[in-house]
Amino acid sequence: MSTLARCPWTFQPLEDGATVSPYTHRELLPGWADSVTHCIAMAGARASGKSLYTAVMVKQLQLLANHHKVSVLAADESTEERFRENYEIPLFEEMKIMGATPSAQSDQAYQRDPLIFDLGQWPDAEGRLRTNYLVFRDVAGEDLENLPEDRSSLDFFKFADLVIFLFDPLRVPQVQTYLKGIVATQGELGAAPLDVLRNLLILVGEDAPPLAVTVSKFDTLQKLELVSGTEWAKIMGNHGAAFRRDTGWNFSFDDAQILDLEVESLLLLMQADDLVNTVHRIGKREEGAFQYFAVSALGESPQGEELSRSGIAPFRVLDPIRWLLSSRGVMWSDVA
Ligand SMILES: Nc1nc2c(ncn2[C@@H]2O[C@H](COP(=O)(O)OP(=O)(O)OP(=O)(O)O)[C@@H](O)[C@H]2O)c(=O)[nH]1
Ligand SMILES: [Mg+2]
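Residues numbered from 1 in each chain as written. Chains lettered and ligands numbered in written order. Predicted model: local features only at pLDDT ≥ 70, side-chain atom pairs only at ≥ 80, totals over all residues. Heavy atoms only, no water.

Draft legend 1. Seen up close, helix α9 (residues 253-269). Its 17 residues give α9 an end-to-end C-alpha distance of 24 Å, which sits within 8% of 24 Å, the value for a rise of 1.5 Å per residue. Among all positions in α9, only D255, A256, L259, D260, E262, V263, E264, L266 and L267 are buried. Backbone geometry just downstream of α9 places Q271 in the positive-phi region, at approximately 65 degrees. (Helix = DSSP H or I, 4+ residues; strand = E, 2+ residues; numbered from the N terminus. Expected span 1.5 Å × (residues − 1). Buried < 20%, exposed > 50% of the residue type's maximum accessible area, 1.4 Å probe, protein only.)

Shown next as structure tokens:
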């Protein structure tokens, strides 16, 4: 097994020269076994923001690629159609929020196959140019809140190169209590992040892939700056903090590390110790087992079904992806 390419449906390793996945018996894209794959899975409760994140992340990645003089393109027709229909049209054309992702058991489960994007050619460790693919799986929060009896359809989590665990900060019970009266709580949809994280740890087992523990909808916490006279106004009003700065099209591991520690401190300040302690069970931070991130796909809360009139203003959306891609030399260098 010397290929750097994985089966796009199961994320499991492939033999050199494979043209068919031994796991699903489906035909691989031409030249697949000679490519480099980056297999990423989303995780999180219902309504934690996974699908909106997916939509905005792909758009941002396409813009980033332009700065690197490459294009990010759907690698097959199925990705093109599913991305367009389920993500692009609702969010960017109808300017509406999307419906809940259907359970993988349902006939409408458009996310059962991954979204595959061609990231262009990048040198591998030996300096040989290879086509790189992002293989990305959105998941229904419903399936992670109540694990099915037969978990084989979720086995890909074990083999992912990266799992992005998104959680809505306002769904952490301690944070909710802490911020009661300061921030208006959104709907009651979605399980507590800790319950979903525990389920995720069951799915990934002993040898867990790196986990990007990512606070979603960070715009809601940034709004705390406006609640004058509170400790939170001071914390969020500190525009020098990494969680208030976006690094634009550049990514640096140093900056990501500062953000990592800042986000953990924020969670501890909000008494979300249970969540933090569970995250630490995954493995050692210094060995890359996990890292905290803070993102906002929209930059602003939607009003009902409609997006904010000021449009979509993403914040640090690519950070978790670039934590992986930059470590593999893909789109890592600074852009002017
Ligand atoms: N303020 C704010 N709200 C957001 C943001 N992203 C998502 N939301 C809100 O969260 C809701 C759920 O987002 P989705 O992306 O559909 O959630 P999901 O995790 O895919 O949910 P399931 O498909 O049920 O698992 C959206 O309808 C928005 O109201 C964000 O960046 N900021
Ligand atoms: Mg969804």
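Draft legend 2. Fine view of the site of ligand 1. Near ligand 1 there are 22 residues, and of these K50, L52, T101, G141 and D219 occur at the shortest range. L52 is positioned such that a nitrogen or oxygen atom in its backbone is 2.8 Å from an oxygen atom of ligand 1. K217 has a polar side-chain atom sitting 3.0 Å from an oxygen atom of ligand 1. Its free accessible area being 650 Å², ligand 1 has 92% of it covered by the protein chains. Going through the elements one at a time, α1 (50-67) and α7 (218-222) are the ones with two or more residues in the shell around ligand 1. Here the shell around ligand 1 gets three residues from one element, more than from any other, and that element is α1. When the residues that make up the shell around ligand 1 are grouped by side-chain class, the tally is nine nonpolar, eight polar and five charged. (Near = heavy atom within 4 Å. Polar contact = N/O pair within 3.5 Å; in protein donor to acceptor, adjacent residues only side chain to side chain. Areas by Shrake-Rupley, 256 points an atom, 1.4 Å probe, with all protein chains shown as cover. Nonpolar A, V, L, I, M, F, W, Y, C, P; charged D, E, K, R; others polar.)

Draft legend 3. Looking closely at the sheet that holds strand β1 (residues 36-43). In space, the seven strands of this open sheet follow the order β2-β3-β4-β1-β5-β6-β7, with mixed pairing throughout. Strand pairing shows two members of the sheet lacking a second neighbour, β2 (73-74) and β7 (290-294), which therefore form its edges. As defined by bridge partners, β2 adjoins strand β3 (residues 115-123) across two bridges and the pair is classed as antiparallel. Looking at the pairing, L73 lines up with D118 of β3. Its contacts with the sheet place helix α6 (residues 193-204) against β1, β5 (162-167) and β6 (211-215), and it is angled at close to 160 degrees to β5. (Pairing = 2+ DSSP bridges. Contact = heavy atoms within 4.5 Å. Axes fitted to C-alpha atoms, helices over the stretch in contact; angles between N-to-C directions.)

Draft legend 4. A look at the nonpolar core. In this structure, F157, F165, L179, L200, L211 and F218 are the most contacted members of the largest nonpolar core, which totals 64 residues. Ranked by the residues each element gives to this core, the list is headed by α6, at seven residues. In this structure L179 touches L170, L221, L224, W232 and M270, once residues within four positions along its chain are discounted. L52, W122, A256 and L307 belong to the second largest nonpolar core, which has 43 residues in total. (Core = buried A, V, L, I, M, F, W, Y, C linked by side-chain atoms within 4.5 Å.)

Draft legend 5. Molecular detail of the environment of Q12. In this structure, Q12 sits in the segment before β1. Apart from residues lying up to four places away in sequence, Q12 is in contact with R6, C7, Y23 and F159.

Draft legend 6. Here's a closer look at the side chain of R82. With respect to the secondary-structure elements, R82 resides in helix α2 (residues 77-93). Despite its burial, R82 remains without a salt bridge, the nearest opposite charge being carried by D113 at 5.0 Å. Contacts of R82, omitting those with residues within four sequence positions, involve Y87, Y110, D113, P114 and L115. (Lys, Arg positive; Asp, Glu negative; His and termini not counted. Salt bridge = Lys/Arg side-chain N within 4 Å of Asp/Glu carboxyl O.)

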